Each structure stands twice: as structure tokens, then as C-alpha cells.
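What the coordinates show
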Amino acid sequence: MMSDGHSDQPNLANANDNPANSTSTESPDTTKAAQIQKFLASPVHCKLFVQKLSNNQEYEYRKAEILWVRQTRSNPPGLEYYVHYVEFNKRLDEWVPYARLDFGREIEFPKPDQKKSKGRDATATPPPAKQQQRAGTPSAGQKRKAADEAADDKENAQVVLGGEDEDGETMEVEGDGGGGESTFSKEQEIEKLRTSGSMTQCVSEIARVKNLNKIQMGKHEVESWYFSPYPQEYAYCDMLYICEFCLCYYASHKQLARHRTRCQLYHPPGNEIYRHEDISFFEIDGRKQKTWCRNLCLLSKLFLDHKTLFYDVDPFLFYCMTVRDELGYHLIGYFSKEKESSENYNVACILTLPQYQRHGYGKLLIAFSYELSKVEGRTGSPEKPLSDLGLLSYRAYWQDTIVEYLLSTTEEVTIEEISQKTSITPQDILHTLQNIGALKYYRGQHIICLGDKVIEQWERNRKKKKRVIVSDKLDWKPLHFTPSQLRFL
Ligand code: ACO
Ligand code: ZN
């Protein structure tokens, strides 16, 4: 439990008072004091045990890395530490007071070269510049143009965040050359993100620390998961108030209330292309609805970490899912899709707002993305890398859809045929079949054979009341863009 009477600062009086102890014969107490002192002098990247609230709301000690330190506003001011729990997803990173750090156990100090490469406490250093391995990145021409213009054209600047690949390795960050030591301080870096909208320079530290605690949207209050580059005046609010229809943001409830009296929007902009029961989908062109789409990107960045986020929304279409009631069409989630994907991706980013997660909406968004691919007469796959939750959701969707198709047919089918019917790529089908152990080698050839467990699980899922996409309710033709419309200036 957190200790209450504790000051936020450690008492190092004993260690300081007794310099004689700093010899090889020093007592364990002095060694500990020296460790604490060393930690306090340079806490960033140190690893130590920290109290973390478990699922059953009890504190347990977990190893964590310190990512940042700040002064609290309490009186007298103390220090707070932003920690990443080792082997836990980054969305559980949080600010903790000094009292939750455990100095009883060994502190792991960063290796000197790590310190050098990651920067001193208050500086961030970019990783070596390498071509970023990101699928869905605009073509080289677009990228060059964007890079050329980013400096003086805020409208076209892109927000590029580093991410992790599927193996959990940190991906290289798109850079503009260099690769040497950074000259940016954290403050400069934040400023740069805000003013240029570009995260290409130094993402290493900034993107690791979340800035906003909570957002309020409609009747929901939601804790944020990750950093999002909202403008300076909103960046460190405890709560950001977001208009759930136009996605504009405000620092106080009063400001939002004033805005709501003027705001005319009751649904996302763009065309309603699907309506079934209370669920609708709107198609929004990033080029035509820049502000709305940028607001959406800022909002979704709070919950999407691993990916590059383009502030340059022109090359994307946004498919937004809403639930309707007497007050309007409330945004549940969305996916973005490149107007032209060289890699045949049918989804760039996908998100269910946390207040709606785990109700089957993610699968509904995924189903809708494949419904569009069916109309286009092609297969598609989500842009890589996938997040942990993205992978779980896609695997669940692929498994449901493929098993359903296999059980619905008595004929022999090939992977190619399943692909044609579902618009899932042969590769994703193959991986899914392998994952569920449905690919068998029999008498010299590969066959698809569903095990009893898989069928039982599918039947259990079927009994759950779940929403589905009704193909007939989709009123949509694929948009075609001329080369000049695809030139994003
Ligand atoms: N723990 C365990 N399994 C989970 C979890 C979880 N927290 N969340 C989803 N799943 C699995 C389950 O198998 C679930 O099916 P089930 O409930 O029938 O067992 C399946 O995924 C789908 O669940 P849904 O309720 O349909 O999905 P949800 O509405 O929660 O949305 C999504 C999933 C979009 C990934 C959501 O978690 C999200 O927005 N996360 C943050 C942003 C993100 O990571 N997006 C994906 C990035 S990858 C990309 O953009 C291409
Ligand atoms: Zn509004």
C-alpha cells in the first residue's frame, strides 16, 4: 500500500553525513543510500520495482523502467515518475509518486552506452536514420514532397511516430538523415511536434510518455493510453473535453458547453453509406474534411501507439461507425483506408473507442472493411504491424469467418476459394488455419480439417448475441481517384 506520511523526497541525510562509509567496507545501508542518491541524480532509464495496481485492485511489485520525471503541483512540491512496467503493454505506463518506488531491492542502472544513445535525463536522441519499414507510407514522391514542405507548410506536415514491429522490436523511425547525437531537448521536441505536426525528428522519448490523463466525450469519461500531440494549451490538461460530434477539444467543461450551444453537427461529416438498426457508417474523405479527420487522428492517437499516424490526412478515407439515438449519431470507432494502397491493405488504422470496446464492435468494423473489399472485387489485409489488441481481434474475426464458411459448405474447397468468398488474403487464411491446427498432411497432400474443439468454440460464439454487417444495407461504390487527385500537395 502507498505510505501516507512519506515525503515525496527521500531522506538521504544519513548517507550524506557519513562520507567515511563510502569505502569498500561500507555497510549495506550506506550502499543502499548511495544507490538511491545515484538514482535521484539520474533516474531516467533506471529499472527498479514499483507498486502496480493489479486487476484485483491490489498493489503488487513489478519491475519498471523510469521514463521521465516531473515536479508535482502538490505543496510542498515533490517528484513523480513516469514508469513503464517491464513485460506489460505500454498503455499501462503511468505517473507514480516516489512512495511507490521500492528501494529495498536492487536498482538496475542503465549501461553507459544506453545512456549515451538514449540521451541524458532531459534530452532525447533519435535512433539512427534508416528508411522506415512502414507499409502504407505514401509513395516516395509524396514523401519527398511532404518532407520538403513540412518545414514551412503546417497544413501538409505529417505526424510520424515510431512503432514496434510484430516481434516487439522497436521500428526505425523515419529520419531525414543524420543519425548522430540529437540537439533537441525534450521541450524543443514537444514544441516541434506541435508547431510542425511532424514527429519525424525525435520520437524516442516523447512518444513514450502520455500527456493527457483523461478525456470526456459525450457521457463518457475515458482514461487515455498514449501520447497524442494536441496543441500546447491542451497538452497537459488533466481532462480534455471533446465534442463528440465535431471532435473539437476544450480545456474546460464550460468551454465545451458553450461550444455545444453553437455546434451544428449531430453525425460525422461525409456520406452515410450503411444503415442497419441503430448502426451507421459514414465515409469521409480526408482531403475534404481535413479538420474533422485531423481531430479524429489526434483522438485516436491517444489509444493507438504502435503505428505511424499521419497528420496529413489527404491520402486516406475514413469509415466511421456510429450508434444512433435521439441525440444523434455517436462515434463508436473507425478505420482509415488509403485511397490507393500499393500493398493491397484494406485498413490502415482501426480503433474502437475504449468506452465501446469488448462489445463486438471491433469485429463489426473489420467485417465492414472486408465488405468493402468484396464490392471492390479484391482481397485485403490490415496494415502491419498490428497492435496486440489488433492481432487478437483480427485472429478472432478470421477464425470465425473461415470456420463459418467451411461449415456452410459440403464441397471440397481450396484456400483460393475461401479467399474469393471472404476477401481475406490466402496468406491470412493459411496462418489462421495453421493457428487453429486445421491444416493437416494426409496421404501426401495438405488438407483442411476442422477439429472438434474449433467447431465447439465456433458454436459457442454463434450463440452469443452479436451484431453482423448486412451486405444489402451497404449503399456504396468504390471511389476512384484520378492521378491528380492522388497528388497530395
Ligand atoms: N483481451 C483479450 N481479447 C481481446 C481483447 C482484450 N482486451 N480485445 C479484443 N479481444 C479479442 C477477443 O477475441 C474478441 O472477441 P470475443 O470478445 O468474441 O472473444 C475480439 O478480439 C474482438 O473483440 P471486439 O469486442 O469485437 O473488439 P473491440 O471493439 O474491443 O476492438 C480493437 C478491438 C479495435 C483492436 C480495440 O481493442 C482498439 O481500438 N484498440 C486500440 C487501438 C488498436 O490497437 N487498434 C488496432 C491497431 S492495428 C491496425 O490499426 C491495423
Ligand atoms: Zn462540436
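Everything below is about the structure shown above.
The structure displayed is predicted, hence computed values, not measured ones.

Analysis parameters
Residues numbered from 1 in each chain as written. Chains lettered and ligands numbered in written order. Predicted model: local features only at pLDDT ≥ 70, side-chain atom pairs only at ≥ 80, totals over all residues. Heavy atoms only, no water. Helix = DSSP H or I, 4+ residues; strand = E, 2+ residues; numbered from the N terminus. Areas by Shrake-Rupley, 256 points an atom, 1.4 Å probe, with all protein chains shown as cover. Core = buried A, V, L, I, M, F, W, Y, C linked by side-chain atoms within 4.5 Å. Buried < 20%, exposed > 50% of the residue type's maximum accessible area, 1.4 Å probe, protein only. Contact = heavy atoms within 4.5 Å. Phe/Tyr/Trp six-rings, centres within 6.5 Å; stacked < 30°, edge-to-face > 60°. Axes fitted to C-alpha atoms, helices over the stretch in contact; angles between N-to-C directions. Parallel < 35°, antiparallel > 145°, perpendicular 65-115°, else oblique. Left-handed = near helix turned anticlockwise from the far one by under 90°. Nonpolar A, V, L, I, M, F, W, Y, C, P; charged D, E, K, R; others polar. Pairing = 2+ DSSP bridges. Near = heavy atom within 4 Å. Polar contact = N/O pair within 3.5 Å; in protein donor to acceptor, adjacent residues only side chain to side chain. Donors = N, O, S within 2.8 Å, 3.2 Å for Na, K, Ca; no water. Tetrahedral: all angles 85-135°; square planar, octahedral: opposite > 155°, others 65-115°. Salt bridge = Lys/Arg side-chain N within 4 Å of Asp/Glu carboxyl O.

Structural notes on the overall build of the protein chain
For the protein chain, the count of helices and strands is 13 helices and 18 strands. Approximately 25,700 Å² of the protein chain is accessible, and the part contributed by carbon and sulfur atoms is 48%.

Section: the nonpolar core
Core analysis: the largest hydrophobic core is formed by 77 residues, its most contacted members being Tyr230, Phe281, Leu299, Phe318 and Phe368. Element by element, the count of residues in this core is highest for helix α9 (residues 361-376), at 8 residues. In contact with Phe368, not counting residues within four places along its chain, are Ile273, Tyr274, Phe281, Tyr319, Phe335, Ile469 and Leu474. Ranked by size, the runner-up nonpolar core spans 16 residues in total, among them Tyr85, Val96, Tyr98 and Phe103.

Regarding the packing of aromatic side chains
For the structure shown, the criterion picks out 21 aromatic pairs. With centroids separated by 5.5 Å and ring planes inclined at 90°, the aromatic side chains of Phe282 and Tyr329 adopt a geometry described as edge-to-face. Taken together, the positions of Phe282 in strand β11 (residues 279-285) and Tyr329 in strand β13 (residues 328-338) put the pair 47 residues apart, joining distant regions of the chain. Side by side, Phe282 and Tyr329 carry an identical accessibility label, which is buried.

Some details on the packing of helix α11 (residues 415-422) against helix α12 (residues 426-435)
Where α11 meets α12, the closest approach of the two axes is 9 Å, and the angle between their N-to-C directions is 115°. In terms of their interaxial angle, α11 and α12 are classed as roughly perpendicular. Once α11 is placed against α12, the crossing between them reads as right-handed. Contacts between α11 and α12 involve Ile415, Glu416, Ile418, Ser419 and Thr422 from the former and Pro426, Ile429, Leu430 and Leu433 from the latter. For the contact of α11 with α12, a count of residues per class yields 6 nonpolar, 2 polar and 1 charged.

A closer look at the pairing of strand β1 (residues 47-53)
In regular strands, side chains alternate between the two faces of the sheet. Relative to strand β2 (residues 59-71), β1 runs antiparallel, the two being bridged by 7 bridges. By the bridge assignment for β2, Leu53 is matched with Tyr59. Between β1 and β2, which follow one another and run antiparallel, lie 5 residues, and Gln57 among them has a positive phi close to 60°. The sheet contact formed by β1 and strand β5 (residues 101-102) spans 2 bridges and is antiparallel. Along β5, the bridge assignment pairs Phe49 with Asp102.

Some words on the site of ligand 1
Near ligand 1 there are 27 residues, and of these Ile350, Thr352, Gly360, Gly362 and Ser387 occur at the shortest range. Here a nitrogen atom of ligand 1 and a backbone polar atom of Ile350 are 2.8 Å apart. Ser387 places a side-chain nitrogen or oxygen 2.5 Å from an oxygen atom of ligand 1. In the complex, 83% of the free accessible area of ligand 1, which totals 980 Å², lies under the protein chains. Elements with a contribution of two residues or more to the shell around ligand 1: β15 (350-352), α9 and α10 (388-408). Among the elements that line the shell around ligand 1, the one with the most residues is α10, at 5 residues. Per-class residue counts for the shell around ligand 1 are 13 nonpolar, 9 polar and 5 charged.

A few points about the environment of His480
Following the sequence through the fold, His480 ends up in the segment after α13 (452-463). Note: C-alpha distance between His480 and Glu340 (140 residues apart in sequence) is 9.1 Å.

With respect to the coordination of the zinc ion (ligand 2)
Donor atoms from the polypeptide that bind the zinc ion (ligand 2) are Cys243 (SG), Cys246 (SG), His259 (NE2) and Cys263 (SG), placed at 2.0 to 2.3 Å. What the 4 donor atoms of the zinc ion (ligand 2) show is an angle range of 96 to 120° at the metal, which sorts the shape as tetrahedral. For the zinc ion (ligand 2), all donor residues lie on one chain, and their spacing in sequence is C-x2-C-x12-H-x3-C. With relative accessibility at 7%, the residue His259 sits in the buried group. For Cys263, a relative accessible area of 11% corresponds to the buried category.

A closer look at the sheet that holds β15
Spatially, the 5 strands line up as an open sheet ordered β10-β11-β12-β13-β15, and their pairing is antiparallel. This sheet does not close on itself; its edge strands, each paired only once, are β10 (271-276) and β15. Ignoring which end each strand starts from, the neighbouring axes of this sheet average 20° apart. Pairing analysis gives 3 bridges linking β13 to β15, with the strands arranged antiparallel.

Focus on the environment of Gly380
Assignment of secondary structure puts Gly380 in the loop between α9 and β16 (381-382). Judged by its relative accessible area of 0%, Gly380 is buried. Residues Gly380 and Ile424, 44 residues apart in the sequence, show an inter-C-alpha distance of 6.0 Å.

A closer look at the pattern of salt bridges
If you walk through the whole model with that rule in mind, you get 17 salt bridges. As a salt-bridge pair, Arg100 and Glu94 come within 2.9 Å of each other at their nearest N and O atoms. Looking at Arg100, the relative accessible area reads 6%, which means it is buried. A salt bridge links Arg378 to Glu376, with the shortest nitrogen-to-oxygen separation between them at 4.0 Å. Connected through salt bridges with shared partners, the residues Lys90, Lys301 and Asp305 form a single ionic network.

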